[in-house]
Amino acid sequence: MKGIKIIASVTFREGIRDRIYLIFFFFAIILLLFSLFLSMLVIGDPTKVIADFGMGVMSLLGILIVIFVGGPSFSKELQKRTVISVLSKPISREEFLVGKLFGIWSNVFVNLLAMAVLLFLLILAKGVMIWGIFVQAFLLFLEMGILTAVDLMFSSFTTSFLAMLFTLSFYVVVHLTTTIEKASQSLSSPISKAVVRYIAYLLPNFDYFNLKNQVVYGLNVPPLFYCKSFVYFLALIIFFTILAVWVFKKKEI
Amino acid sequence: MIEVKEVRKSFREGFLLERKEVLHGISFNVKSGAVVGLLGPNGAGKTTTIKIIMGISPPDEGEVLVFGKKLSKETKKAIGFLPEAPYFYDYLTGREILRSFSDFYQNLNEEKINEVLKLVGLKEEADRMLRSYSKGMLQRIGLAQALLHDPELLIFDEPMSGLDPIGRKEFRDVITSLKEKGKTILFSSHILQDVEMICDEVIMIYRGKVIKIGVLNEMLKNEVTYYEVTVEGTGGADNFSPLKKSGGRFLYRVKEGELDGLIRSVMENGGRIRSVIPRSLTLEEIFIREVKKV
């Protein structure tokens, strides 16, 4: 556990001082402020526009941090052989990888929390309180944890660029699972319908972490949804972390 | 202290991922308190051997024991390791990296960190981010993290490759002082002069095989190839031609079997022997000779 804590702390500090991280952070603030301007141009409730756009920005920034800050920091350690110095210490490969996961995830947490607070305040300035923003930020946080594990798995066996590409593709695909499932119903051939449906079942479904519409329109969410989301998150993060550890342990450093 | 037994290692290479063996069953021991040089040209298998000893890379076959046991977290606590061309975290300072690494061990305080920073000559630069460090400074911070917990065993992989002549001298001094403290040191190098200056024993590796192991002094002593004899006050020795003449002095270079004849001849001609110096092969010459045998 000590090793995990040390690596997580080093990764967090390294990430938060990274120029790209800071650029993304300021970029996010500018985009959130831009939502104020956008709300004036669109017909409808301005707070809904700000909330909708703001949560989109949060998702975008989360994925950017995982892909452009987290993954490359791990690839760089492998490429520049920092990992050799670290693994000569009393730490196992498993602890090292899990430490990296927590470190990167903490970077995402800080970013999401800051953005959620800013978004909440922007909407509050319009006289409306949407606490659901924090719920959505938390679900995004869970989603980014899974994505970090996936990114670490890809970074363990391929180049930094390919790992970015694979993680991004994974992100796009898992957000299309419901669409793929729906699309299968319109297929005429029973075989293709079954195959597409089977694929949709096999793919992780990140809609479990998406409450944007419910938050924007103030819809009620059954408590069971949160339980399902959390169990789903646990299952996926454990699965992908074990996979990442397995790949990393096989890697010749 | 270190026992390497019949270690084999291969890597997959090329498009077809064919296995290429890089270590062909190497075996050697490192005794407690010794400074041992692992010698070999680039690609000989030095770094792979060290990675296997450190548990970073698993061997295909064979066994490595450190302190008589298989490597574990506990045994790692008594080892300090400096990899080749060390590289750490860009956005952390030298002091921060040492503080973080000190958490792996017990009872390491700020005083110890300052002591190590002073030893490696980085006290002034300790609060600068590592991304602004030169190659030599990174090598020094690498050495600092290896020495931080005062380990019994130190393993250095090409420790002097990134250093300038002053840095190399300082590094040699550090190794000498560690040796005086009774530490065991294993280090790899292809710079034979450095090895010759600081090692007690050498292990020569070539193409993944150990080609020679020995105590350095004995190795050099046993390898006397000729004698340099300085003679004074005579026209020289019969049947021997001097290498140099200067004033009334003559310098002869003879093989062991010719030495008695030369001395006798000088005495008969009324000359005086000023010195007889046995000249041995340098480590480099021994190394090249061993490589040619393979």
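Everything here concerns the structure above.
So, here is what we can say about the structure in this document. Only a predicted model underlies this, so the values are computations on that prediction, with no experimental measurement involved. (Residues numbered from 1 in each chain as written. Chains lettered and ligands numbered in written order. Predicted model: local features only at pLDDT ≥ 70, side-chain atom pairs only at ≥ 80, totals over all residues. Heavy atoms only, no water.)

### Considering the overall build of chain A
Moving on, step 1. When helices and strands are tallied, chain A shows 11 helices and 0 strands.
Moving on, step 2. Counting from the amino terminus, helix and strand elements in chain A follow one another as α-α-α-α-α-α-α-α-α-α-α.
Moving on, step 3. Expected size for 253 residues packed as a compact globule is a radius of gyration near 18 Å; at 20 Å, chain A falls within 12% of this value.
Moving on, step 4. Long-range pairs, those at least 24 residues apart, make up 77% of the contacts in chain A with a sequence separation of at least 6.
Moving on, step 5. On chain A, roughly 11,900 Å² of surface is accessible, and the fraction owed to carbon and sulfur atoms is 74%.
Moving on, step 6. Averaged over its 21 positive side-chain charges, chain A has a centre that lies 4 Å from the centre of its 12 negative ones. (Helix = DSSP H or I, 4+ residues; strand = E, 2+ residues; numbered from the N terminus. Rg over C-alpha atoms; globule rule 2.2 N^0.38 Å. Contact = heavy atoms within 4.5 Å. Areas by Shrake-Rupley, 256 points an atom, 1.4 Å probe, with all protein chains shown as cover. Lys, Arg positive; Asp, Glu negative; His and termini not counted. Charge placed at Lys NZ, Arg CZ, Asp CG, Glu CD.)

### Considerations on the nonpolar core
Moving on, step 1. Counting residues in each nonpolar core, the largest one holds 154 residues, and the members touching the most others are Phe96(A), Ile141(B), Ile155(B), Phe156(B) and Phe187(B).
Moving on, step 2. Discounting chain neighbours no more than four positions away, the residues touching Phe187(B) are Val35(B), Val36(B), Gly37(B), Leu38(B), Phe156(B), Pro159(B), Met160(B), Ile175(B), Val195(B), Ile198(B) and Cys199(B).
Moving on, step 3. Grouped together as the second largest cluster of nonpolar side chains are 9 residues, Val231(B), Phe250(B), Val254(B) and Leu259(B) included. (Core = buried A, V, L, I, M, F, W, Y, C linked by side-chain atoms within 4.5 Å. Buried < 20%, exposed > 50% of the residue type's maximum accessible area, 1.4 Å probe, protein only.)

### Regarding helix H3 (residues 46-79) of chain A
Residues and elements named next belong to chain A.
Moving on, step 1. With 34 residues, H3 should reach 50 Å at 1.5 Å per residue; the first-to-last C-alpha distance of 48 Å fits that figure.
Moving on, step 2. Considering bend angle alone, the principal kink of H3 is centred on proline 72 and spans about 30 degrees.
Moving on, step 3. Counting buried positions over the 34 residues of H3 gives 25, a clear majority of the element.
Moving on, step 4. One or two positions beyond H3, positive phi appears at arginine 81, with a value near 65 degrees. (Expected span 1.5 Å × (residues − 1). Bend = angle between axes of the 7 residues up to and from the residue.)

### A word on the interface of chain A and chain B
Moving on, step 1. Across the boundary between the two partners, chain A contributes 28 residues, which contact 29 residues of chain B.
Moving on, step 2. Taking both sides of the interface into account, the surface hidden between chain A and chain B amounts to around 3,000 Å²; carbon and sulfur atoms contribute 55%.
Moving on, step 3. It is Arg17(A), Lys89(A) and Pro90(A) in chain A that bury the most area against chain B; as a group they hold 22% of the surface buried on that side.
Moving on, step 4. Between chain A and chain B we count 4 salt bridges in total.
Moving on, step 5. The salt bridge partner of Lys9(B) is Glu252(A), with a shortest N-O separation of 2.5 Å.
Moving on, step 6. Where chain A meets chain B, there are 18 residue pairs in polar contact (both at pLDDT 80 or more).
Moving on, step 7. In the side of chain A that touches chain B, the residues fall into 9 nonpolar, 5 polar and 14 charged. (Buried area = accessible area lost by both parts, 1.4 Å probe. Salt bridge = Lys/Arg side-chain N within 4 Å of Asp/Glu carboxyl O. Polar contact = N/O pair within 3.5 Å; in protein donor to acceptor, adjacent residues only side chain to side chain. Nonpolar A, V, L, I, M, F, W, Y, C, P; charged D, E, K, R; others polar.)

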